[in-house]
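Results of the structural survey
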Amino acid sequence: MNNKLTRRDHLSTVLKWAFIGSNNINYGTLQGSGYGWAVSKILRKIYPNDEDYKKSLQVETEYFNTTPYVAPLIIGADIALQEKQGIESLEAVRSIKTSLMGPLAGVGDSLLWVLYPTIMGSIGGYMALEGNPLGAIIWIFLNALLILLRIKLYDIGYQSGIRLITDLADQLTSFTDAASVMGLTVVGSLIATVVKVYTPLEFKFQEVSLPVQTEILDKIMPGLLPLLLTALVYWLMEHKKWGFLKVILVIIIFSLLGSYFGFLGVAP
């Protein structure tokens, strides 16, 4: 370990993410494989030992998903932590990735994924339609600025990671715990807002009709069915070692059967 990283190492890492890594997506870990590939070369310099290198890559290829433009902020902090603390920093790295990717995606999606290309693309597109070549030139120039933004965000993340180690070394455990709590909170909120499970079943007794979803399950705990489904998927993948494709296939079949027999439906 402790091989000194150069400016070329850092530029190579952020550019690998910018041009290829952020586009390497799969249904299991989304951007995880691209993230792992982008940092693999620089991590190899940090970890000459094969086993340490493998442990680091296992963390780096886990689930990751955020706006590609702002991800270098996380990557920079990640590299700084591992450069200073080595294999002992992996839990902190995992917590930082989990806790920051959601909030950064909220900002990045709004400003850089939607607002920025909509406004600037409209201006450039209108100029191009009018026959002005500056429309295309402006659009290319603006996209080049986004690459420079990624490099700058990487530098900010890297310097923040160094300060985390040097200035807040005694509080690093507390920071890691706080980041873990934040990450779990983000994941928990995603379960309730993104996972959708609804049953139209009704409990009927003579003249009484009681909707199971709204009057029973939601009274116990709103989002109970999404939570149970998430727990089941976690159990199948963690303890039964099911692959994500098998889980997706089973969920699709179960959803089709549920819709056909009427015990699953779309929320009104």
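Quantities reported herein were computed from a predicted structural model and do not represent experimental measurements.

1. A word on the overall build of the protein
- Helices and strands together make up the secondary structure of the protein, namely 10 helices and 2 strands.
- Listing every helix and strand of the protein by position from the N terminus yields α-α-α-α-α-α-α-β-β-α-α-α.
- Split into buried and exposed, the 268 residues of the protein put 34% on the buried side.
- Counting only contacts in the protein whose residues sit at least 6 apart along the sequence, the fraction spanning at least 24 positions is 70%.
- As presented, the protein carries roughly 16100 Å² of accessible surface, and 67% of it is formed by carbon and sulfur atoms.

2. What to know about the packing of aromatic side chains
- In total, this model carries 7 aromatic pairs according to the counting rule given.
- When the centroid spacing of 6.4 Å and the interplanar angle of 5 degrees are considered together, the rings of tyrosine 154 and tyrosine 158 count as stacked. Here tyrosine 158 and tyrosine 154 lie together in helix H6 (residues 134–166), a separation of 4 residues that amounts to about one turn.
- A relative accessible area of 12% means that tyrosine 158 is categorised as buried.
- Ring centres of phenylalanine 254 and phenylalanine 263 lie 5.6 Å apart, and the angle between their planes is 55 degrees; on these two criteria the pair is classed as tilted.
- In this structure phenylalanine 263 comes out as partly exposed when scored by relative accessible area, which is 27%.
- Among the aromatic residues, ring-to-ring pairing joins Trp17, Tyr35 and Phe64 into one connected group.
- Between the NZ or CZ atom of lysine 97 and the centre of the ring of tyrosine 35, over which it lies, the distance is 4.0 Å.

3. Quick look at the nonpolar core
- Within the largest apolar cluster, 35 residues are counted, with the highest numbers of intra-cluster contacts made by Leu43 and Ile79.
- Filtering out sequence-adjacent residues up to four positions away, leucine 43 remains in contact with Tyr53, Ser56, Leu57, Glu60, Ile79 and Gln82.

4. Re the pairing of strand S1 (residues 202–205)
- Bridge count between S1 and strand S2 (residues 208–211): 4 bridges; the pairing is antiparallel. Looking across to S2, one finds that lysine 204 is bridged to serine 209.
- Here S1 folds back onto S2 in antiparallel fashion, the turn holding 2 residues, of which glutamine 206 has a positive phi close to 55 degrees.

5. Re the packing of helix H2 (residues 32–46) against helix H3 (residues 50–60)
- Where H2 meets H3, the closest approach of the two axes is 9 Å, and the angle between their N-to-C directions is 150 degrees. With respect to H3, the axis of H2 lies roughly antiparallel. Of the two elements, H2 crosses H3, and the hand of that crossing is right-handed. Contact with H2, carried on its side by Gly32, Tyr35, Gly36, Val39, Ser40, Leu43 and Arg44, involves Asp50, Tyr53, Ser56, Leu57 and Glu60 of H3 and no other residues of that element.

Calculation rules
- Within any chain, residue numbers begin from 1 and follow the written order of that chain's sequence.
- For a predicted model such as this one, the threshold for reporting local features is a pLDDT of at least 70, and the threshold for listing and counting side-chain atom pairs is 80 or more; totals across whole chains, interfaces and linings nevertheless cover every residue.
- Excluded from the side-chain calculations are hydrogens and water; all other atoms, namely the structure's heavy atoms, are used.
- Strands here mean DSSP runs of E at least two residues long; helices mean DSSP runs of H or I at least four residues long; both are numbered from the N terminus.
- With a 1.4 Å probe rolled over the protein chains alone, any residue whose accessible area is under 20% of its type maximum counts as buried; one over 50% counts as exposed, and the rest are partly exposed.
- In what follows, residue pairs with any heavy atoms lying within 4.5 Å of each other are defined as contacts.
- Residue-level accessible areas treat just the shown protein chains as cover; the underlying method is Shrake-Rupley with a 1.4 Å probe.
- In this scheme Phe, Tyr and Trp rings, the latter by its six-membered ring, pair at centre separations within 6.5 Å, and the angle between planes marks the pair as stacked below 30 degrees, edge-to-face above 60, and tilted otherwise.
- Here, a charge over a ring is recorded when the distance from Lys NZ or Arg CZ to the ring centre is within 6 Å and its angle to the ring normal is within 35 degrees.
- What makes a nonpolar core is a set of buried Ala, Val, Leu, Ile, Met, Phe, Trp, Tyr and Cys residues whose side-chain atoms join them at distances within 4.5 Å.
- In this description, strands pair whenever DSSP reports at least two bridges between them.
- Axis definition: a line fitted to C-alpha atoms, over the contacting stretch in the case of helices. Angles run 0 to 180 degrees between N-to-C directions.
- With respect to orientation, any angle under 35 degrees is reported as roughly parallel, any angle over 145 as roughly antiparallel, any angle of 65 to 115 as roughly perpendicular, and every other angle as oblique.
- Helix crossings are classified by the rotation of the near helix relative to the far one: an anticlockwise turn of less than a right angle makes the crossing left-handed, while a clockwise turn makes it right-handed.

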